[in-house]
Amino acid sequence: MLGLCVLIGFWWAGSALVEWLAWPIPGSVVGLLGLWLVISIQGRVPAWLQQPSSLLLRYLTLLYVPAGVGIITHWERLQAYGLGILGAVILSSVLTALAMIALFKLLRVKL
Amino acid sequence: MTIEIRTLLALTLTLGTYLVGDWLYQRSGKVLVLNPVLVSISSLIVMLLLLDWDYATYQQDTAFIHFLLGPATVALAVPLYQQTELIKQMALPIIVVCLVGALVAAGSAAILTTLWTGDSLLSLSILSKSVTTPIALSIAELVGGSASLTASMVLLTGLMGCLLIPLTLRLLQVKDDRVKGLVMGVTSHGIGTAQAFETSVTCGAFAGLAMTVTGIISAFLLPLGSVSEWILWLNGR
């Protein structure tokens with residue numbers, strides 16, 4: 001529970017910061033970076049933080065089911081443009097993979 | 001039905017369909033169409049239609065589950081920290097490759113969707129399709145897309161990526177598990193990362209790292225006002 005409270009606390013701090021600076025960035029991502037910074041300085045992840053984090057991330061896909069169900073409110077859009085959407089998703093994914101691999105070859109990135 | 005009982009039913013059905021989906025997925029030896037999210041969303045849609053339940057009510061009832069996306073995003077800091085060693089060794093190449101990947105993924109999706117559908121809400125929602133869902137939904141909110149459309153696009157992208165990216169990598173004769181992992185993570189986020197772990201632990205670790213780095217980069221770049229203006233301008237032509 002302490003871990004969950006800390007996670008929500010960082011979310012809140014991140015959201016407050018972006019609102020104060022009027023930055024168009026999700027507060028949760030700033031919270032992520034803040035927590036990362038703190039545990040990097042600390043040099044370890046305490047068990048009370050590890051536990052709720054692992055649980056949340058293990059069931060991460062469950063968390064977006066409620067948003068996903070909302071696709072029923074866009075039924076007409078899907079019927080009209082289904083094929084275009086599918087095509088765009090497929091081509092864009094392949095293009096991204098090609099661009100990344102070309103970049104690896106071009107820069108001869110040594111990993 | 002009283003409000004309380006309806007809320008509890010909505011939460012139970014959401015968790016229940018997901019767990020059944022997860023069970024089916026594991027039992028079937030991880031067949032892609034039995035992805036637990038896909039099973040859960042489609043059975044819930046059928047139930048809502050049968051029970052004549054409108055989405056706004058269901059959304060309100062399951063707000064608790066949706067709320068957890070916030071702390072889950074922050075929790076991504078933990079696996080990111082655990083990969084500090086990887087980051088120290090090769091921060092620059094990883095950031096450059098993820099940056100280019102994130103830009104190509106978002107840009108090409110927006111342009112192709114505009115070309116093939118001309119629907120500006122779709123173009124704005126598909127922008128964050130390669131970003132891990134909790135971050136993608138926040139981005140959708142900031143750029144003026146629809147969270148529901150984005151959630152579906154992210155899922156579709158993950159599933160298509162798992163089908164097509166390994167094939168693309170094989171055709172291009174990519175053999176390095178680290179490169180494979182980075183490409184899977186950037187293009188297909190969490191779903192791709194889960195599949196990358198099936199290849200090898202190294203592949204999975206790189207995919208997870210690429211997913212988080214892409215999410216953070218996208219969160220900083222995509223909500224910039226000029227991006228949504230550009231998409232609306234493209235659609236207006």
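Computed from a predicted structure; not experimentally measured. (Residues numbered from 1 in each chain as written. Chains lettered and ligands numbered in written order. Predicted model: local features only at pLDDT ≥ 70, side-chain atom pairs only at ≥ 80, totals over all residues. Heavy atoms only, no water.)

*Asks:* Would you take a moment to explain the overall build of chain A for this structure?
*Replies:* When helices and strands are counted, chain A shows 6 helices and 0 strands. Along chain A, helices (α) and strands (β) appear in the sequence α-α-α-α-α-α when read from the amino end. Along the first, second and third principal axes, the C-alpha atoms of chain A reach 50 × 45 × 35 Å. (Helix = DSSP H or I, 4+ residues; strand = E, 2+ residues; numbered from the N terminus.)

*Asks:* Sorry if this is basic, but what is going on with the overall build of chain B here?
*Replies:* Looking only at helices and strands, one finds 13 helices and 0 strands in chain B. Start at the N end of chain B and walk to the C end: the helices and strands fall as α-α-α-α-α-α-α-α-α-α-α-α-α. Here the C-alpha radius of gyration of chain B, 19 Å, is about what a compact globule of 237 residues would show, namely 18 Å. Taking the principal axes of the C-alpha coordinates as reference, chain B spans close to 60 × 50 × 35 Å. (Rg over C-alpha atoms; globule rule 2.2 N^0.38 Å.)

*Asks:* Honestly, the pattern of salt bridges in this entry has me stumped. Any pointers?
*Replies:* Oppositely charged side chains are able to pair whenever their charged atoms sit close together. Residues and elements named next belong to chain B. Tallying each qualifying case throughout the model produces 5 salt bridges over all chains. For Lys30, the salt bridge is made with Glu198, and the minimal N-O distance between the two is 3.2 Å. Taken together, the residues span a long stretch of sequence, with Lys30 in the loop between α1 (3-27) and α2 (36-51) and Glu198 in helix α11 (residues 177-199) at a distance of 168 residues. You can call Lys30 partly exposed: its relative accessible area is 36%. The class for Glu198 is exposed, based on a relative accessible area of 54%. Residue Asp176 pairs with Arg178 through a salt bridge whose shortest N-O separation is 3.1 Å. Residue Asp176 is classed as partly exposed on the basis of its relative accessible area, which comes to 29%. Taking relative accessible area as the criterion, Arg178 reaches 26% and is therefore assigned partly exposed. (Salt bridge = Lys/Arg side-chain N within 4 Å of Asp/Glu carboxyl O. Buried < 20%, exposed > 50% of the residue type's maximum accessible area, 1.4 Å probe, protein only.)

*Asks:* I tried to follow the interface of chain A and chain B on my own but got confused; where do I start?
*Replies:* Think of interface size as the accessible area that goes away when the parts come together; that is how it is often given. Facing 67 residues of chain A, the contacting portion of chain B comprises 86 residues. Summed over both partners, the interface of chain A with chain B comes to about 7,100 Å²; 84% of that surface belongs to carbon and sulfur atoms. Between chain A and chain B we count 1 salt bridge in total. Connecting chain A to chain B are 12 residue pairs in polar contact (both at pLDDT 80 or more). Elements represented by at least two residues in the side of chain A that touches chain B include exactly α1 (2-21), α2 (27-42), α3 (47-58), α4 (60-63), α5 (65-69) and α6 (75-107) of chain A. With 24 residues, the top contributor of residues to the side of chain A that touches chain B is α6(A). Tallied by class, the residues present in the side of chain A that touches chain B amount to 48 nonpolar, 16 polar and 3 charged. (Contact = heavy atoms within 4.5 Å. Buried area = accessible area lost by both parts, 1.4 Å probe. Polar contact = N/O pair within 3.5 Å; in protein donor to acceptor, adjacent residues only side chain to side chain. Nonpolar A, V, L, I, M, F, W, Y, C, P; charged D, E, K, R; others polar.)

*Asks:* What should I look at first to understand the packing of α6(A) against helix α7 (residues 84-116) of chain B in this one?
*Replies:* Two numbers describe a pair of packed helices, the interaxial angle and the distance between the axes. Contact geometry for α6(A) and α7(B): axes closest at 8 Å, N-to-C directions at 150°. With respect to α7(B), the axis of α6(A) lies roughly antiparallel. The two elements α6(A) and α7(B) meet at a crossing, and its hand is right-handed. Contacts from A:Gly84, A:Gly87, A:Ala88, A:Leu91, A:Ser92, A:Leu95, A:Thr96, A:Ala99, A:Met100, A:Leu103, A:Phe104 and A:Leu107 in α6(A) reach B:Val96, B:Val97, B:Val100, B:Gly101, B:Val104, B:Ala105, B:Ser108, B:Ala109, B:Leu112, B:Thr113 and B:Trp116 in α7(B). Here the contact of α6(A) with α7(B) is built from residues that sort into 16 nonpolar, 7 polar and no charged. (Axes fitted to C-alpha atoms, helices over the stretch in contact; angles between N-to-C directions. Parallel < 35°, antiparallel > 145°, perpendicular 65-115°, else oblique. Left-handed = near helix turned anticlockwise from the far one by under 90°.)

*Asks:* Would you take a moment to explain the packing of aromatic side chains for this structure?
*Replies:* The geometry of an aromatic ring pair is captured by the separation of the ring centres together with the interplanar angle, meaning the angle of the planes. Within this structure, the stated rule accounts for 3 aromatic pairs over all chains. A ring pair is formed by A:Trp11 and B:Phe67, whose centres lie 5.3 Å apart and whose planes are at 50°; its orientation type is tilted. Of this pair, A:Trp11 sits in helix α1 while B:Phe67 sits in helix α4 (residues 63-67), each in a different chain. Since its relative accessible area comes to 23%, A:Trp11 is described here as partly exposed. Overall, the relative accessible area of 35% leaves B:Phe67 in the partly exposed class. Between A:Tyr59 and B:Tyr18 the ring centres are 6.3 Å apart and the planes differ by 70°, which places this aromatic pair in the edge-to-face class. (Phe/Tyr/Trp six-rings, centres within 6.5 Å; stacked < 30°, edge-to-face > 60°.)

*Asks:* Would you mind going over α6(A) with me for this structure?
*Replies:* The α-helix advances 3.6 residues per turn, and as a result positions three or four apart in sequence lie on the same side. Over its 33 residues, α6(A) extends 44 Å from the first C-alpha to the last, a length consistent with the 48 Å expected when each residue adds 1.5 Å. The sharpest bend along α6(A) measures roughly 75° and falls at A:Tyr81. All of the buried residues along α6(A) are A:Gly84, A:Ile85, A:Ala88, A:Val89, A:Ser92, A:Ser93, A:Thr96, A:Ala97, A:Met100, A:Ile101, A:Leu103 and A:Phe104. The inward-facing, buried residues of α6(A) contact α7, α8 (120-126), α10 (147-171) and α11 of chain B. (Expected span 1.5 Å × (residues − 1). Bend = angle between axes of the 7 residues up to and from the residue.)

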